[in-house]
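Structural features, examined
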Amino acid sequence: MIKAGIIGGSGYTGGELIRILLNHPQADIDFVFSTTRAGKKLTTAHPDLLGTTEMEFTGKVNSDVDVVFLCLGHGNSGRFLEEHQFSSDTKIVDLSNEFRLEGDSVFQGNQYIYGLPELKKSEIEKANFIANPGCFATAIQLALLPLAKAGKLSNDVHVNAVTGSTGAGVSPSATSHFSWRNNNISWYKPFTHQHLGEINESLHSLQKNSGELFFLPNRGNFTRGILATAYTKFDGSIEEAIALYEDFYADALFTQIAEEPINLKQVVNTNQCHIHLHKHNDTLLVTSAIDNLLKGASGQAVQNMNLMFGQEEGAGLNLKAGVF
Ligand SMILES: NC(=O)c1ccc[n+]([C@@H]2O[C@H](COP(=O)([O-])OP(=O)(O)OC[C@H]3O[C@@H](n4cnc5c(N)ncnc54)[C@H](OP(=O)(O)O)[C@@H]3O)[C@@H](O)[C@H]2O)c1
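Here's a quick rundown of the structure. All values reported here derive from a predicted model rather than from experimental measurement.

Before going further, it helps to spend a moment on the site of the ligand. Within the structure, the ligand sits among 25 residues, and S10, S34, T35, T36 and L72 are positioned closest to it. Contact distances for the ligand include 2.5 Å between an oxygen atom and a side-chain N or O atom of T36. Separating an oxygen atom of the ligand from a backbone N or O atom of L72 is a distance of 2.7 Å. Within the complex, the protein chains bury 82% of what would otherwise be the 890 Å² of accessible surface of the ligand. Those elements that place two or more of their residues in the shell around the ligand are α1 (12-22) and α8 (294-308). Its residues assigned to classes, the shell around the ligand comprises 8 nonpolar, 17 polar and no charged. Counting residues domain by domain, the shell around the ligand receives three or more from each of domain 1 (2-132 + 297-308) and domain 2 (135-290).

Here F191, not a glycine, exhibits a phi torsion of approximately 65 degrees, which is positive. On the secondary structure map, F191 appears in the loop between β10 (186-187) and α6 (196-206). Using a relative accessible area of 48% as the deciding quantity, one classes F191 as partly exposed. Unusually for a residue other than glycine, N281 sits at a positive phi of about 50 degrees. Tracing the chain through its elements places N281 in the loop between β14 (273-280) and β15 (283-290). Here N281 falls in the exposed class, since its relative accessible area comes to 62%.

It is worth spelling out the sheet that holds strand β11 (residues 213-219) at this point. Across the sheet, which stays open at both edges, the 7 strands sit in the order β10-β11-β9-β12-β15-β14-β13 with mixed pairing between neighbours. Edge positions in the sheet fall to β10 and β13 (255-258), since each of these pairs with one other strand and no more. In the sheet, strand β9 (residues 157-163) pairs with strand β12 (residues 226-233) via 6 bridges, with the strands oriented antiparallel. Bridging from a neighbouring strand, H158 pairs with Y231 of β12.

Thresholds, definitions, all that
- Residues numbered from 1 in each chain as written.
- Predicted model: local features only at pLDDT ≥ 70, side-chain atom pairs only at ≥ 80, totals over all residues.
- Heavy atoms only, no water.
- Near = heavy atom within 4 Å.
- Polar contact = N/O pair within 3.5 Å; in protein donor to acceptor, adjacent residues only side chain to side chain.
- Areas by Shrake-Rupley, 256 points an atom, 1.4 Å probe, with all protein chains shown as cover.
- Helix = DSSP H or I, 4+ residues; strand = E, 2+ residues; numbered from the N terminus.
- Nonpolar A, V, L, I, M, F, W, Y, C, P; charged D, E, K, R; others polar.
- Domains from an automatic or database assignment.
- Buried < 20%, exposed > 50% of the residue type's maximum accessible area, 1.4 Å probe, protein only.
- Pairing = 2+ DSSP bridges.

See below:
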């Protein structure tokens with residue numbers, strides 16, 4: 001069994017990791033570290049686990065675990081690793097954006113591999129350190145990578161994506177306050193969202209001179225999931241576009257091409273990304289949908305763990321959507 005440690009266990013992505021790993025056939029949770037809840041039961045932060053686990057949060061790490069998941073807010077992962085030592089055999093999966101960009105990918109002499117299995121599976125299989133992709137970044141890359149691979153992303157690309165409130169983490173804020181968020185919608189960080197860097201690095205790795213990406217993120221009044229629409233000029237037929245995507249994702253366990261238009265609920269609570277293609281005159285519309293906390297965070301982190309440890313890629317990730 002893989003012995004796992006979780007850091008930042010009372011947050012949203014930490015909580016999802018606990019839920020997945022408690023049911024993983026080849027992994028055991030060794031410890032769940034918390035700065036705020038050491039000595040308290042996991043159920044104090046995650047009451048849905050009542051009846052499932054009696055485990056408590058701890059304020060100490062076990063340096064000999066096989067894998068550590070860092071589920072901390074941006075800027076805290078590096079600090080945590082400087083303050084806590086792990087054995088030279090311990091693999092690390094960081095869920096923050098600290099090591100995702102190529103220029104940031106070496107830390108303490110260790111090379112972090114960008115953990116998007118649809119793009120870097122063979123590198124992930126050999127990796128010991130993973131920078132897990134962002135949630136918007138996952139949805140948008142999966143929508144656009146096949147076009148970049150085919151050299152068909154030469155024109156500007158416009159992306160509009162809407163996320164649930166869990167995307168902003170567990171700490172309440174003005175824009176996650178129920179009275180404001182419910183029955184409401186708004187955009188933020190127009191064309192400047194922090195995930196653009198990692199998206200562009202991946203697209204440029206497949207097509208050097210790809211067109212400019214204009215990304216408008218929106219806050220939705222639901223709790224989880226991301227629905228992204230991307231459109232750009234495409235000179236082929238819809239059949240050619242579909243063939244291109246089906247070919248790119250032929251071996252992808254968790255990315256599917258849907259014949260019918262997609263909606264968010266078909267992927268929420270799963271590790272799936274569903275993609276739909278639509279052609280209007282010379283414009284191709286690509287829609288992608290993921291669960292921000294699963295394929296966009298903790299599910300993908302476990303997928304990466306499975307690949308690093310030579311386990312079945314989907315182990316522990318056979319999850320059930322809540323479609324109604
Ligand atoms: N939410 C998403 O959809 C999503 C998707 C992809 C990636 N991410 C990334 O994943 C990371 C975690 O996100 P999240 O949504 O789980 O955040 P979160 O709900 O805010 O949880 C983060 C947890 O980190 C711990 N923490 C906070 N400040 C700390 C500090 N200074 N030192 C040590 N621990 C600290 C706290 O847990 P304790 O009190 O238990 O220590 C906190 O609950 C972030 O970097 C985020 O950008 C999030």
